[in-house]
Amino acid sequence: MATAASPRLGFGIGPDGTYTRGGQALAFVLGLWAMLAFLPLLFVGAVLYTRAEERFAEDPERARHMVTWSWLSVSVLPLVPVVIGAGIYLAVA
């Protein structure tokens, strides 16, 4: 009778299911990185959209570009650090 293979544990998780010391450090660094990467993009998006509203009367084409960049900053651009983090995770794991 074949024995079932033990499930592969996540990176930084010990055999007892708790974080390893390296896993704790990595979780802290990635949490800090996520906060610093995403929060500024939210403010950038808000400022761009507010400035675009002020410019629609004078320069509608420029205002449309600013609105586009504001939406990108809160939708697509936050994915860049996620993709980089996934690449690093896959390279390490």
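Higher on the page you've got the structure.
Since the structure is predicted, the reported quantities are computational estimates derived from the model, not experimental observations.

## Section: helix H2 (residues 60–75)
For H2, built from 16 residues, the straight-helix expectation of 22 Å at 1.5 Å per residue is met to within 8% by its first-to-last C-alpha distance of 22 Å. When we look at burial in H2, the residues that qualify are Ala63, Met66, Val67, Ser70 and Ser73. Seen along its axis, H2 keeps its buried residues to an arc of 125 degrees; they face one direction.

## Some words on the side chain of Ser70
Looking at where Ser70 falls in the secondary structure, it is placed in helix H2. What makes Ser70 buried here is its relative accessible area of 4%. A distance of 2.7 Å separates the side chain of Ser70 from the backbone oxygen of Val67, its partner in a polar contact. For Ser70, the contacting residues outside a window of four places in its chain are Gly45, Leu48 and Tyr49.

## Details of a nonpolar patch on the surface
Among the surface-exposed residues, Phe28, Val29, Leu32, Met35, Leu36, Leu39, Leu42, Phe43, Tyr49, Trp71 and Val74 lie close enough to one another that they form a single nonpolar patch of about 1100 Å² accessible area. For the nonpolar patch, the secondary structure elements donating two or more residues are helix H1 (21–55) and H2. A total of nine residues in the nonpolar patch trace back to one element, the largest contributor, which is H1. In this structure, Tyr49 sits in helix H1.

Definitions and limits used
Residues numbered from 1 in each chain as written. Predicted model: local features only at pLDDT ≥ 70, side-chain atom pairs only at ≥ 80, totals over all residues. Heavy atoms only, no water. Helix = DSSP H or I, 4+ residues; strand = E, 2+ residues; numbered from the N terminus. Expected span 1.5 Å × (residues − 1). Buried < 20%, exposed > 50% of the residue type's maximum accessible area, 1.4 Å probe, protein only. Arc of directions from axis to C-beta. Polar contact = N/O pair within 3.5 Å; in protein donor to acceptor, adjacent residues only side chain to side chain. Contact = heavy atoms within 4.5 Å. Patch = residues over 30% accessible without salt bridge, like charges linked within 9 Å, V, L, I, M, F, W, Y side chains within 5 Å. Areas by Shrake-Rupley, 256 points an atom, 1.4 Å probe, with all protein chains shown as cover. Salt bridge = Lys/Arg side-chain N within 4 Å of Asp/Glu carboxyl O.

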